[in-house]
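Coordinate inspection notes
Each chain is listed here by its residues.
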Amino acid sequence: MSQTFLKKKEEELKIEGLEAINEVKKEEQTEVISEVKKEEGPEVINEVKKEEQTEVINEVKKKEEPEVINEVKKEEGSEVINEIKKKEVPEVINEVKKKEEPEVINEIKKKEEPEVINDVKKKEDKPFNKKIYQTIASSLPRRTKTNLKSFKNIIRSKTKDLSEKEKSYVIFIWECNNINYDLESLLEGRYVDCTPEGAFTNGKTICSGYSSLYKDIASHIGLNVLCISGYAKGIGYYPGKKLTYANHEYNVIKIDGNWHVIDCTWGSSHIKGKLNIKIFNEFYFLANPELLIKTHFPAEKKWQLTEKRYTLVEFLKWPKVSSYFYICGFSKYFPEVAVLNLKNVNTQKFIIWGDNIKNIEVFCHVSFMKGDNYIDQSGLSLVSPYEDRFEIDCRFNKKGTYIVQIFGKKDERQNYCGEMIKYKVNVKNDAKKKLKFPHTFIGAHAIKLIEPLYNGLKSGEIIKFKMESDLDNIVIIDIVWHYLERNEEGFFEKEIEIQSKPGKNITIGINEPKSVLSLIKYDII
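Residues numbered from 1 in each chain as written. Predicted model: local features only at pLDDT ≥ 70, side-chain atom pairs only at ≥ 80, totals over all residues. Heavy atoms only, no water.

**Considering the sheet that holds strand 22 (residues 462-469)**
- Strands sit in the order 21-22-25 across an open sheet of three strands; the sheet is antiparallel. Looking at which strands have only one partner, the edges of the open sheet turn out to be strand 21 (447-451) and strand 25 (492-497). Mean inter-strand twist for the sheet, computed between neighbouring axes without regard to direction, equals 25 degrees.
- Direction of pairing for strand 22 relative to strand 25: antiparallel, over a ladder of six bridges. The partner of Met467 across the bridge, within strand 25, is Phe492. (Pairing = 2+ DSSP bridges. Helix = DSSP H or I, 4+ residues; strand = E, 2+ residues; numbered from the N terminus. Axes fitted to C-alpha atoms, helices over the stretch in contact; angles between N-to-C directions.)

Written as structure tokens, this is what we have:
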């Protein structure tokens, strides 16, 4: 063949090829794209490659999703990529989890957890060393040596590197220890300055002054604090008394996104009658709402911060359960109502349960109510210790209204007992036989008296004494001393002829090296 003929044939073939390509473009472009979308991209591409129709592929790349095709080429499996495009992020995460790709999971978790949560975790992991914050609080200038404005700037400077909880604790410590409750002015009906400046300058105030001062200082150093009002079982309250208006004010504070309760008034002192005993009580710093609700009922229900919302009627039906009840390790009590009505019966048993209560001292005080006055009644209660509880038996010899107060003492070094729980008992009838329990003293919790459970022993009478105790050195002191020994059943038991004369008494006590600690005393008649 001649060269001319060959060139002519080559030109004809090129023209036919171009026409074929154009025809493919027009008639098969859509079909190719659809096939790609249907996850058969590799087959189409292979077919195109076989026919060397690269222009078709290039045209598809321009008009359709180039990234998908590129991924198809790289992965050689367009099904995974198309499936990812169709699905939302949650399904991708599930797919990632199935494939156990920890790096992707960690990245997702980082995005799902806001910075605030991470900050909270960091702060919770940081040890809360109270001594450090007590030192900071004690290093603040004396109230009398500065003014409130300067003081707030100083405390802001000293606490700038602390967390929200640490800052709030420093203010709580300082205020509870440096501001006194103005009980005298309250009882005498005198005006009390409850502004932040007044409370700070005077060094004494009442509840609204405590709360306003705390809010003022805390807000200055960047804390979110509010003053709230509510009903409190505080000064002058007795079970059954109606509270017709909000009589207390305290604070709520937002720490790491959560609201908590702070009460500097109740944290600064202990009121006993007309005495204000200065005692720091940490229970009221970020107090547990489920426990605090027994004495503090917010005017706005949302500030109860409890899992269940209660009514004022329910609040008033509960006995007054104070912080010392929980501080001493108790958690449950009986009866669960504040006011008891006794008809044709003159005795009532009270029980308090707890953990690790072996060294707790428990006392009971019974008073007869006459108007708003309490008249002390001795010999009407007896406390019996058990491993997990204390049982308190009370007798009421004449009809009328009684107040029963149960006190607790956790530390031997304490020179006071805190009221734990308070009841009111209405007795409808006089007792047919008026009996009293023997007198009990500090430390009597060490002995569980079984008999005799009445006071007023007769001279010359033979009396059987029986008791239970972990101690071994128990002695009964009459004219003659009687040392008791534990029997096989674990009791201390002995029959004694009373030799003391009427008007005298005999004592059960602990025989210590240099003295006898008297625990129980009987009068002789």
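**Topic: the sheet that holds strand 13 (residues 347-354)**
- What the four strands build is an open sheet, ordered 11-13-17-16; its pairing is antiparallel. The strands lining the two open edges of the sheet, one partner per strand, are strand 11 (330-334) and strand 16 (381-385). In this sheet, adjacent strand axes meet at a mean angle of 20 degrees when their direction is disregarded.
- Summarising the sheet, strand 11 and strand 13 pair through four bridges and their orientation is antiparallel. Note on strand 13: the bridge partner recorded for Tyr333 is Ile352.

**What about the layout of surface pockets?**
- Computed from the structure, the second largest pocket encloses a volume of approximately 780 Å³.
- Looking at the second largest pocket, it is lined by 28 residues, and the ones nearest its centre are Lys358, His445, Ala446, Ile447 and Asp470.
- Within the residue set of the lining of the second largest pocket, elements represented by two or more residues are strand 21, strand 22 and strand 27 (516-523).
- Residues that form the lining of the second largest pocket fall into these classes: eleven nonpolar, five polar and twelve charged. (1 Å grid on protein atoms, 1.4 Å probe; cavity = no way out; pocket = protein on both sides within 12 Å on 5 of 7 lines; lining within 4 Å. Points joined across faces, edges and corners; volume = space filled by probe spheres on them. Nonpolar A, V, L, I, M, F, W, Y, C, P; charged D, E, K, R; others polar.)

**Observations regarding the side chain of Asp478**
- Secondary-structure assignment places Asp478 in the loop between strand 23 (474-477) and strand 24 (481-483).
- A polar side-chain atom of Asp478 sits 2.3 Å from a polar atom in the side chain of Ser500. (Polar contact = N/O pair within 3.5 Å; in protein donor to acceptor, adjacent residues only side chain to side chain.)

**Observations concerning helix 10 (residues 164-178)**
- Taking 1.5 Å of rise per residue, 15 residues should cover 21 Å, and helix 10 covers 21 Å from first to last C-alpha, within 8% of that figure.
- Of all 15 residues in helix 10, eleven are buried, a share of seventy percent or more.
- Regarding helix 10, the residues found buried are Glu166, Lys167, Ser168, Tyr169, Val170, Ile171, Phe172, Ile173, Trp174, Glu175 and Cys176. (Expected span 1.5 Å × (residues − 1). Buried < 20%, exposed > 50% of the residue type's maximum accessible area, 1.4 Å probe, protein only.)

**Let's talk about the pattern of salt bridges**
- Applying the stated criterion to the full structure yields 14 salt bridges.
- For Glu188, the salt bridge goes to Arg190, with nearest N and O atoms at 2.1 Å.
- Residue Arg190 is classed as partly exposed on the basis of its relative accessible area of 40%.
- Where Asp393 meets Lys349, a salt bridge forms, and the shortest distance between an N and an O atom there is 2.9 Å. Highlighted residues: Asp393 in strand 17 (residues 389-395) and Lys349 in strand 13, separated in sequence by 44 residues. (Salt bridge = Lys/Arg side-chain N within 4 Å of Asp/Glu carboxyl O.)

**Describing the environment of Glu489**
- As for its placement among the helices and strands, Glu489 is situated in the loop between strand 24 and strand 25.
- Between the C-alpha atoms of Glu489 and Glu468, which are 21 residues apart in sequence, the distance is 9.9 Å.

**What about the nonpolar core?**
- In this structure, Phe330 and Ile352 are the most contacted members of the largest nonpolar core, which totals 79 residues.
- With seven residues, the single largest contributor to this core is helix 10.
- Ignoring any residue separated from it by four or fewer positions in sequence, one finds Ile352 in contact with Phe325, Phe330, Lys332, Tyr333, Val362, Asp388, Arg389, Phe390, Ile392, Ile406 and Met420.
- One finds Ile447, Leu449, Leu457 and Ile520 within the second-largest nonpolar core, a separate group that totals 19 residues. (Core = buried A, V, L, I, M, F, W, Y, C linked by side-chain atoms within 4.5 Å. Contact = heavy atoms within 4.5 Å.)

**So, helix 8 (residues 130-139)**
- Turning to helix 8, its buried residues are Tyr133, Ile136 and Ala137. Along the long axis of helix 8, the arc covered by the buried residues comes to 100 degrees, so they all point the same way. Turned more than 90 degrees off the buried face of helix 8, the exposed positions are Lys131, Thr135 and Ser138.
- Considering only its buried residues, helix 8 is in contact with helix 9 (148-158) and helix 10. (Arc of directions from axis to C-beta.)

**Some remarks on the packing of helix 10 against helix 13 (residues 207-220)**
- In contact at an axis separation of 10 Å, helix 10 and helix 13 are set at 140 degrees when each is read in the N-to-C sense. For the element pair helix 10 / helix 13, the angle class is oblique. Here the hand of the crossing between helix 10 and helix 13 comes out right-handed. Residue-level contacts link Ser168, Ile171, Phe172, Trp174 and Glu175 of helix 10 to Tyr210, Leu213, Tyr214, Ile217 and Ala218 of helix 13.
- Its residues assigned to classes, the contact of helix 10 with helix 13 comprises eight nonpolar, one polar and one charged. (Parallel < 35°, antiparallel > 145°, perpendicular 65-115°, else oblique. Left-handed = near helix turned anticlockwise from the far one by under 90°.)

**Brief notes about the pairing of strand 13**
- As judged from the seven bridges shared by strand 13 and strand 17, these two strands associate in the antiparallel manner. Residue pairing in the sheet places Lys349 in a bridge with Asp393 of strand 17.

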